[in-house]
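# A structural walkthrough
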Amino acid sequence: MDRKTREFLLRESEKKSREDLAAEALRKKQRLTEEDDIKISVLSVVENIPQEKIDYRYSKDISASGLRIQGNVLLPLGTLLNIDLTLRNLQETLSLQGKVQWNKTIIENEIYEAGVEFTDVPEEVAKKIEDYIVWKQEYKKLNPVGLPFWIYAKFNKPNP
């Protein structure tokens, strides 16, 4: 390989790395890490899992396109779920449907995580989630000293 080709390939690989980093940074800005209450029910599953054994009560993070949930059963890829999500500071329950895109064992036979992508999200629900994430991120930017969120929320309501 000649020097010009090597330099070109090096520049291209650096460019791709910067693009990947930019995409990752954008994704992280849109993701909100907080535990929210959820209730799930399985609509369809690839493998048989007794519904009464499934205990998923919390999401670990949320974005406008999905959420990460934690529970006691490894949910197979492709599993369709009904999700009732209560955003911590809105005290409103949003009903969503989603599909398991990835799963991970945290502690064998005890704790598992799953990444759920939302499907068929009503426009007003998607807007509420997006507004909530922006609202919480704004709070984090404006609150370097750790003012309790309830005080911030009292004077800074999200747009209806």
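Look a little higher up for the structure.
Residues numbered from 1 in each chain as written. Predicted model: local features only at pLDDT ≥ 70, side-chain atom pairs only at ≥ 80, totals over all residues. Heavy atoms only, no water.

Regarding its fold elements, the protein presents 3 helices and 6 strands. Seen in sequence order, the protein has helices and strands lined up from the N terminus as α-β-β-β-β-β-β-α-α. Going through the 160 residues of the protein one by one, you find that 31% of them count as buried. Taking contacts inside the protein between residues at least 6 apart in sequence as the whole, the part at least 24 apart equals 54%. Only carbon and sulfur atoms are counted for the fraction: they give 52% of the accessible area of the protein, which is about 10800 Å². (Helix = DSSP H or I, 4+ residues; strand = E, 2+ residues; numbered from the N terminus. Buried < 20%, exposed > 50% of the residue type's maximum accessible area, 1.4 Å probe, protein only. Contact = heavy atoms within 4.5 Å. Areas by Shrake-Rupley, 256 points an atom, 1.4 Å probe, with all protein chains shown as cover.)

Its place among the elements puts N103 in strand β5 (residues 92-107). Counting along the chain gives 28 residues from N103 to L75, while the straight-line C-alpha distance between them is 6.7 Å. At 2.8 Å, the side chain of N103 forms a polar contact with the backbone oxygen of L75. (Polar contact = N/O pair within 3.5 Å; in protein donor to acceptor, adjacent residues only side chain to side chain.)

Read around the closed barrel, the 6 strands follow the order β1-β2-β3-β6-β5-β4; overall the barrel is antiparallel. This sheet shows a mean twist of 45° between the axes of neighbouring strands, independent of strand direction. Those strands touched by helix α2 (residues 123-142) are β1 (32-44), β2 (56-63), β4 (80-87), β5 and β6 (111-119), and its axis lies near 160° from that of β1. (Pairing = 2+ DSSP bridges. Axes fitted to C-alpha atoms, helices over the stretch in contact; angles between N-to-C directions.)

Bridge count for β1 against β2 is 4 bridges, and the pairing is antiparallel. Within the sheet, the bridge partner assigned to D37 lies in β2 and is Y58. In this structure, β1 lies alongside β4, joined through 7 bridges in antiparallel fashion. Each residue of the ladder has a partner; that of I40, found in β4, is I83.

Inspection of the secondary structure assignment puts Q70 in strand β3 (residues 66-71). The class for Q70 is partly exposed, based on a relative accessible area of 23%. Note: C-alpha distance between Q70 and E113 (43 residues apart in sequence) is 4.4 Å. With near-sequence residues (within four places) excluded, Q70 lies in contact with D55, Y56, R57, Y58, K60, I106, I111, Y112 and E113.

Before going further, it helps to examine the pairing of β3. As judged from the 6 bridges shared by β2 and β3, these two strands associate in the antiparallel manner. Residue pairing in the sheet places I62 in a bridge with L67 of β3. Following β2, the chain reverses through 2 residues before pairing antiparallel with β3. One ladder, built from 6 bridges, connects β3 with β6; its direction is antiparallel. By the bridge assignment, G71 is partnered in β6 with Y112.

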